[in-house]
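Understanding the architecture of this molecule
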Amino acid sequence: MEVIFSHQTVIGGPGIGSIAYQTTLALHKAGFLKKAVCEAVMRDILKNIPENKFLTLGSSNIREYHIKDLFFDSVASLFDFKCDIFHGWGGASLHQMVSSGKAKKIIEGSSTHPNYRLKLKNLGINIHPITYKRMMAEFGLADCIFCPSEFARETYEDEKLSTMLVPYGVDLDKFKPNPVKHNNFRILFIGDNFNRKGLPELFAAWKNLDLKNAELWIRADVDIPVNDRYNVKVLERTLDTSKYYNECDVFSMPSFEEGLALVLSESMACGIPVITTKQSGWFGQDGKHGFLIKPDPDDIARAIQYYYDNPDEAKKHGRAGRLLAEKYSWENYAQTLISSYSKLM
């Protein structure tokens, strides 16, 4: 079996770059990787995957993402795309899918279906009409959509598309319990695109609670109106966030839309409970590994108050979360991924 995997990103970089790396690594170890098509590759991963397995197209100076995706896809499609399976990320794969001929075609549904996201325009979630049209054409050509969570999968199945569940993993060696002693109660939020991830709702809940000897720690891509009155701490942006999880008691991200937020798996792997929404793609159990809440301040506040009043329960949920996270290693992701490819052949 020969697979071409395409993703307009820096493979091995943060966020989606790390997912792209784990996909490429799984294919290489299985002996299925023909080429990984990307913008660039982090040099340190070449010790695990030979350089000749990558087709790097470089980063363009184009800022408009819909044009950037089209440019990447158009250039990539000029190369040899003979393979058994083509696996590309939505919005940047249409011409490559056509070039792959009779190959089985997979689109990575890393987020929810565009029709679901269009309902959330008030949160700043916009899909350019060109990207939307291209994605609809990609779905029409695809044999299957790989989805990282049951919630994301539901949005594609509502559109009558064929799907498989392939949840993303977590680095259990990097993210592990190593709690740092502290004398106050701390809630942690990590996330860019902060409106979509529910930071305004979390901030409102925090202000309304006005808890004593407690802090809200935030690492986001936005200037937060920090006010000592509410004990908010803005964190330094760093690639290694494991220390932040271990310095806090609870992680909260009341997101309105995700495929599967990696920060949820990371926090559970570090042994702290989660306060989040169904829309985050979370795979935990409400009341056992954390709390599923609605993305509104009152519901968020109730969950925070419970952990504030019951620190032993927070620790209990955190321990249970670690055990669950151990079932979502990147090794397990690789096994599910390769099995899913085989089912399509």
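Up top you'll find the structure we're talking about.
What you see is a predicted model; the values in this text were computed from it and never measured. (Residues numbered from 1 in each chain as written. Predicted model: local features only at pLDDT ≥ 70, side-chain atom pairs only at ≥ 80, totals over all residues. Heavy atoms only, no water.)

**A few points about the overall build of the protein**
To be explicit about the condition: A run of H or I in DSSP counts as a helix once it spans at least four residues, and a run of E counts as a strand once it spans at least two, with each numbered from the N terminus. We take the radius of gyration over the C-alpha atoms and set the globule estimate at 2.2 Å times the residue count to the 0.38 power. When accessible area is computed with a 1.4 Å probe and restricted to protein chains, residues below 20% of their type maximum are described as buried, those above 50% as exposed, and intermediate ones as partly exposed. Any two residues whose heavy atoms approach within 4.5 Å at even a single point are treated as in contact. For every accessible area listed, the method is Shrake-Rupley and the probe measures 1.4 Å; residues are considered covered only by the protein chains on display. We treat Lys and Arg as the positive residues and Asp and Glu as the negative residues; His and chain ends play no part in the count. To locate a charge, take NZ of a lysine, CZ of an arginine, CG of an aspartate or CD of a glutamate.
Counting its regular elements, the protein contains twelve helices and 15 strands. Since a compact globule built from 345 residues should have a radius of gyration of about 20 Å, the 21 Å found for the protein is in line with a globular shape. Across its three principal axes, the protein shows a C-alpha extent of roughly 60 × 40 × 35 Å. When each of the 345 residues of the protein is scored for burial, the buried share is 54%. For the protein, the share of sequence-separated contacts (at least 6 apart) that also reach a separation of at least 24 residues comes to 62%. Total accessible area on the protein stands at roughly 15,700 Å², and carbon and sulfur atoms take up 49% of it. Taking the average place of the 42 positive charges on the side chains of the protein and the average place of its 42 negative ones, the gap between the two points comes to 3 Å.

**Comments concerning the environment of Asn 246**
Within the secondary structure layout, Asn 246 lies in helix α8 (residues 242-246). Along the backbone, Asn 246 and Ala 103 are 143 residues apart, and their C-alpha atoms lie at a distance of 45 Å. Among residues more than four places away in sequence, those in contact with Asn 246 are Lys 176, Pro 177, Asn 178, Pro 179, Val 180 and Cys 270.

**Topic: unusual backbone geometry**
If you check the backbone angles, Asp 210 has positive phi at about 50° while not being a glycine. Here Asp 210 is to be found in the loop between α7 (199-209) and β11 (214-219). Residue Asp 210 is classed as partly exposed on the basis of its relative accessible area, which comes to 24%. Although it is not a glycine, Asn 231 sits at a positive phi angle of roughly 55°. Along the chain, Asn 231 turns up in the loop between β11 and β12 (232-234).

**Re the sheet that holds strand β10 (residues 185-190)**
Test applied: Two strands form a pair only when DSSP identifies at least two bridges running between them. Every axis corresponds to a line fitted to the C-alpha atoms, with the helix fit spanning only the stretch in contact, and the corresponding angles, defined between N-to-C directions, vary from 0 to 180 degrees.
Pairing within the open sheet is parallel, and its six strands lie in the order β12-β11-β10-β13-β14-β15. Looking along the sheet, the strands with just one partner apiece sit at the ends: β12 and β15 (290-292). On average, each strand axis in the sheet is inclined to that of its neighbour by 20°, with strand direction left out of account. For β10 and β11, the ladder comprises six bridges, and the chain directions are parallel. Paired with Leu 188 across the two strands is Trp 217, which belongs to β11.

All we've got here are geometric facts, nothing functional implied.
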